[in-house]
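# What the coordinates show
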Amino acid sequence: MSLTDAQWARIEPLLPDRTPRRGGRWRDRREVIDAIAFKFQSGSQWVHLPEKFGNWRGVYNRLRMWAIDGTWERVFTALVAQADADDDLNWAVSVDSTVVCAHQHAAGPAKRGPGRRTGRPDPLVLLLAVCKEDPPAERVRLR
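Now for a description of the structure that goes with this document. Not measured: the values here are computed from a predicted model.

### Some words on the packing of aromatic side chains
For the structure on display, the rule yields 4 aromatic pairs. Taken together, a centroid distance of 5.6 Å and an interplanar angle of 40° make the contact between F38 and F53 tilted. A residue pair is termed long-range when its members are at least 10 positions apart, and F38 in helix α2 (residues 29-42) and F53 in the loop between α2 and α3 (56-68) qualify at 15 residues. On the basis of relative accessibility, which here comes to 9%, the residue F53 falls in the buried class. Ring geometry for W46 versus Y60: centroids 5.5 Å apart, planes at 70°, classification edge-to-face. Here W46 is found in the loop between α2 and α3, whereas its partner Y60 is found in helix α3, with 14 residues between them in sequence. Overall, the relative accessible area of 31% leaves Y60 in the partly exposed class. Here the aromatic cluster, defined as three or more aromatic residues joined through ring pairs, consists of F40, W46 and Y60. Here the guanidinium or amino end of K39 rests over the ring plane of F40, the centre of that ring lying 5.0 Å away.

Below you can see the structure in the form of structure tokens.
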């Protein structure tokens, strides 16, 4: 899925200057954004990016550079502000408790002793139980 002309018209002025600081010429920024969108929409790995987008390393490096210098944050903030001003946003948030799961460590520490959760007998409890038994009344000596 490629960006429409209307989407590109909103995004293009928010991107950094096209002049590279070092190296050769940059690829078309619209193609790079299309490649990044394809990667995240499809869930594929970077190395499986289709050839029409060019070398995956260039796309990945541009994504990283724009993340480091704050470009993505500026673009997102500006687009949300613009959409909010145009009343294009519907701020509806819903949290369903059936999908919120607690982490396994949220249950607290493991219980010790005879009532612990594993269902196996505690060796210390077994040893104490054996030691508390009364010794036999008569002992037989073996010679």
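Back to the text.
### Here we look at the side chain of S44
Locating S44 in the fold gives a position in the loop between α2 and α3. Looking at S44, its side chain comes within polar contact range of the side chain of S42, at 3.1 Å. Beyond its immediate stretch of four places on either side in the chain, S44 contacts F38 and K39.

### Focus on the packing of α2 against α3
Between two packed helices, the angle of one axis relative to the other and the distance separating the axes together describe the packing. Between α2 and α3, whose axes approach to 10 Å, the crossing angle comes to 95°. Here α3 runs roughly perpendicular to α2, going by the angle between their axes. For the pair α2 and α3, the contacting residues are R29, V32, I33, A35, I36 and F40 in the first and V59, R62, L63 and W66 in the second.

### Some points on α3
Taking 1.5 Å of rise per residue, the 13 residues of α3 would be expected to cover 18 Å, and the 18 Å separating its terminal C-alpha atoms lies within 8% of that figure. The set of residues buried in α3 consists of V59, R62, L63 and W66. The buried residues of α3 all sit within an arc of 100° when viewed along its axis, so they share a single face. Downstream of α3 by a residue or two, G70 has a phi angle that is positive, lying close to 85°.

### Considerations on the nonpolar core
Residues V32, A35, I36, W46, L49, F53, V59 and L63 constitute the largest nonpolar core, which totals 8 residues. The set of elements that each furnish at least two residues to this core consists of α2 and α3. With 3 residues, the top contributor of residues to this core is α2. With residues up to four places along the chain from it excluded, the contact list for L63 reads I36, F40, W46 and W72. Core analysis: the next-biggest nonpolar cluster, separate from the first, contains 7 residues, W8, L15, W66 and V75 among them.

### A look at the environment of D86
Mapping D86 onto the fold places it in the loop between α4 (71-85) and α5 (123-132). Relative accessible area serves as the criterion here: at 42%, D86 is assigned to the partly exposed category. Here R10 takes part through its side chain, which lies 3.4 Å from a polar atom of the side chain of D86.

Calculation notes
Residues numbered from 1 in each chain as written. Predicted model: local features only at pLDDT ≥ 70, side-chain atom pairs only at ≥ 80, totals over all residues. Heavy atoms only, no water. Phe/Tyr/Trp six-rings, centres within 6.5 Å; stacked < 30°, edge-to-face > 60°. Helix = DSSP H or I, 4+ residues; strand = E, 2+ residues; numbered from the N terminus. Buried < 20%, exposed > 50% of the residue type's maximum accessible area, 1.4 Å probe, protein only. Lys NZ or Arg CZ within 6 Å of the ring centre and 35° of its normal. Polar contact = N/O pair within 3.5 Å; in protein donor to acceptor, adjacent residues only side chain to side chain. Contact = heavy atoms within 4.5 Å. Axes fitted to C-alpha atoms, helices over the stretch in contact; angles between N-to-C directions. Parallel < 35°, antiparallel > 145°, perpendicular 65-115°, else oblique. Expected span 1.5 Å × (residues − 1). Arc of directions from axis to C-beta. Core = buried A, V, L, I, M, F, W, Y, C linked by side-chain atoms within 4.5 Å.

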